[in-house]
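Understanding the architecture of this molecule
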Amino acid sequence: MARTGLYKSEVKKARDALLALGRHPSVDAVRVELGNTGSKTTIHKYLKELEEEEGGQDRPRSISDTLQDLVGRLAAQLQAEAAIQVQTVRADAEAATTRMRQELETLRAAHAEQGLHLGQTQQALIAERAAHDKTREERQEQAAVVRTLEVRLAALQERLDENEQHRQSLEEKHQHARQALEHYRSAAREQREQDQRRHEQQLQSLQAELRQLRQEAVIRQEDITRLNQEGVRLIAELSHSRQALAEQLTLATRREQQLDSLQQVASAKLVLEAQLAASNEAFKQLQSRASKAEEEAACMRQQWQQGERDLAAARARLETHEALQQQWRNQSASEPEIDQ
């Protein structure tokens, strides 16, 4: 809707702003810059005056003669359409006035009917006043009861305020307990996970070493068995050679060489037995380390179980605290109803 009271300074300010932005200051552009307010005819007049004041030869014309003529014809058309709309509104207003007069006559008839009802109502009012006097006495009695109830209500309100303060204190303690419990849960969970990972790593390392030592022990045991078999066989051959020594002097040298070979095998057997003893000792040490690791794992498992028990106890205390708080809330909510 076009506003009234548009000033030339406002049109000049809008035109200068458009020129600063590199835009052509047409009537529509200036009107949009003004917030879609002002008459186009007024804006065109002010632009024309500004051009004449500043000298139209120094700046390009803001609008052509053809556009000016078009704006004039549009303004005339708008005025004609506005006159038609005014006539339409006037006819609607006259029709509404006629309708309102008819409604006024209807209301007057209803008013007369209400006058008849008024007499009846006055008679009923006299009877109502008599009943009202009786009700006033009853109301005075009820007022005394209300005052008594107000005193009791004030006392209950004081108790309610005290209970509310106590409830807020309990809620703060409850919040602190929840935060402490959550912190304890996080710390216990992290410690349990770290202990479990460390235990698993140690157990895997020990199991790998144990498997390697067992494999080495099996290999050494096979070597010893093979050497024992070889020794038995060589001993049998030595016995047979001694019996045939008298008859086979020519084979004495060869038998002596076999005896030397047997002695070397025996020496190797002693060396292998020593290595087997060392392997057994290492295996025992590894078993001891494994037992110690299992004991540490059992200890850590006990610590974890103790942590779970502590957590369950804390959870039980928290649930007990919440139950007491809920019981207190129920009691606080039911006390005013009982007193009333």
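Residues numbered from 1 in each chain as written. Predicted model: local features only at pLDDT ≥ 70, side-chain atom pairs only at ≥ 80, totals over all residues. Heavy atoms only, no water.

The next point concerns the pattern of salt bridges. Once their charged atoms are close, side chains differing in charge can pair, the charge on each being opposite to the other. By the definition in use, this model includes 14 salt bridges. Residue Arg108 is joined to Glu105 by a salt bridge in which the shortest nitrogen-to-oxygen separation is 3.4 Å. Here Glu105 and Arg108 lie together in helix H4 (residues 65–243), a separation of three residues that amounts to about one turn. Across the salt bridge formed by Glu209 and Arg289, the nearest N and O atoms sit 3.5 Å from each other. (Salt bridge = Lys/Arg side-chain N within 4 Å of Asp/Glu carboxyl O. Helix = DSSP H or I, 4+ residues; strand = E, 2+ residues; numbered from the N terminus.)

Its location among the elements puts Gly307 in helix H5 (residues 252–339). The exposure class assigned to Gly307 is buried, which follows from its relative accessible area of 17%. Taking the C-alpha atoms as reference, Gly307 lies 7.0 Å from Ala188; in sequence the two are 119 residues apart. (Buried < 20%, exposed > 50% of the residue type's maximum accessible area, 1.4 Å probe, protein only.)

The end-to-end C-alpha distance of helix H1 (residues 8–20) is 18 Å, a good match for the 18 Å that 13 residues give at a rise of 1.5 Å each. Those residues of H1 not exposed but buried are Val11, Ala14, Arg15 and Leu18. What you see down the axis of H1 is that its buried residues fit within an arc of 100°, all on one side. Across from the buried face of H1, at angles greater than 90 degrees, the exposed residues are Ser9, Lys13 and Ala20. Tucked inside the fold, the buried residues of H1 contact helix H2 (27–33) and helix H3 (40–54). At the exit of H1 stands Gly22, carrying a positive phi of roughly 80°. (Expected span 1.5 Å × (residues − 1). Arc of directions from axis to C-beta. Contact = heavy atoms within 4.5 Å.)

Counting twelve residues, the largest nonpolar core is built from Leu6, Val11, Ala14, Leu18, Val27, Ala29, Val30, Leu34, Ile43, Tyr46, Leu47 and Leu50. When residues of this core are traced back to their parent elements, those giving at least two are H1, H2 and H3. Looking at this core element by element, the count peaks at four residues for H3. Those residues in contact with Leu50 that lie beyond four places of it in its chain are Lys8, Val11, Lys12 and Arg15. (Core = buried A, V, L, I, M, F, W, Y, C linked by side-chain atoms within 4.5 Å.)

Treat this as a map of the structure, not an account of what it does.
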